[in-house]
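Each chain, written out:
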Amino acid sequence: MNFFVMKWNIDYKLTVLSWVLLLSISCEKSSSENQNENKASETEELKSQSLDFPNQPILLSSEAKEAVEDWELYQAMETEIERMESFKLEDLIANSSVIYKAADTLQKTLPQKLRNRPVSARLKVLHSKTAQLNQLAERQQPDYQEMKKVANEVPIDFYNLNIQLNELFLEFPPMEQ
């Protein structure tokens, strides 16, 4: 009789242990499902956010404007930057390749009269940033936080290019001896 009581005790303990294990597994599944739902809603919310566009764009001086007048690809890049001002992150994902191609051709077609190290450096930075943005947008599982950070830097890099173009045409007063 003692043997049956011990066997029943062990069977009872195994049954209770099995139930506890099943309950904990089902709770884990529901909590992971909730986490996935929260992550999906965060992603959708992030994708619908506007970019943090600079408040004060750097415009070209009249001399610099005249110098880039025939540089059609500069005009195209300027248009892309202006379009970005109204973009949500999901718009940026859809247009990242267009922005990258505009920066790529801009860099390749720099007119001779505008070539100097600072302008070339700014073009390289702009090209690199748009390439990085394009890579982030093409990922299977994009990192939207990183994409937004990089996207916010693209207009700044374009405005830094404008600063360098403006500096090409600065006239300094004659120095007194």
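Residues numbered from 1 in each chain as written. Predicted model: local features only at pLDDT ≥ 70, side-chain atom pairs only at ≥ 80, totals over all residues. Heavy atoms only, no water.

J.: Any details on the overall build of the chain? Residues and values, ideally.
T.: In terms of regular secondary structure, the chain is built from six helices and zero strands. Overall, the chain shows an N-to-C arrangement of helices and strands of α-α-α-α-α-α. Relative to its 177 residues, the chain shows a buried fraction of 30%. For the chain, restricting intrachain contacts to residue pairs at least 6 apart in sequence, the fraction spanning at least 24 positions comes to 77%. Roughly 12400 Å² of accessible area belongs to the chain as shown, and the carbon and sulfur atoms make up 53% of that amount. (Helix = DSSP H or I, 4+ residues; strand = E, 2+ residues; numbered from the N terminus. Buried < 20%, exposed > 50% of the residue type's maximum accessible area, 1.4 Å probe, protein only. Contact = heavy atoms within 4.5 Å. Areas by Shrake-Rupley, 256 points an atom, 1.4 Å probe, with all protein chains shown as cover.)

J.: Let's hear about the packing of helix α5 (residues 117–138) against helix α6 (residues 144–168): which residues, and what values?
T.: Between α5 and α6, whose axes approach to 9 Å, the crossing angle comes to 165 degrees. As far as their axial angle goes, α6 and α5 are roughly antiparallel. Crossing hand, α5 versus α6: left-handed. (Axes fitted to C-alpha atoms, helices over the stretch in contact; angles between N-to-C directions. Parallel < 35°, antiparallel > 145°, perpendicular 65-115°, else oblique. Left-handed = near helix turned anticlockwise from the far one by under 90°.)

J.: Which residues make up the nonpolar core, and what are the values?
T.: Most often, soluble globular proteins keep nonpolar side chains buried together rather than apart. Counting residues in hydrophobic clusters, the biggest one holds 36 residues, and the most contacted among them are Y74, M77, M84 and L92. At the level of elements, α2 (62–68), α3 (72–84), α4 (89–108), α5 and α6 are the ones that each hand at least two residues to this core. Of the residues forming this core, the biggest block, nine residues, is contributed by α6. When residues no more than four places from it in sequence are discounted, the contact partners of M84 are L51, F53, L92, I99, A151, V154 and P155. (Core = buried A, V, L, I, M, F, W, Y, C linked by side-chain atoms within 4.5 Å.)

J.: Tell me about the packing of aromatic side chains, residues and numbers included.
T.: Tallied over the full model, the rule gives three aromatic pairs. The interplanar angle of 25 degrees and the centroid separation of 5.4 Å between the aromatic rings of Y74 and F158 together place this pair among those described as stacked. Here the residue Y74 occupies a position in helix α3, and F158 occupies one in helix α6, the gap between them amounting to 84 residues. Summarising the burial analysis for this pair, Y74 and F158 share the class buried. Following the ring pairs from residue to residue traces out a cluster consisting of W71, Y74, F158 and Y159. (Phe/Tyr/Trp six-rings, centres within 6.5 Å; stacked < 30°, edge-to-face > 60°.)

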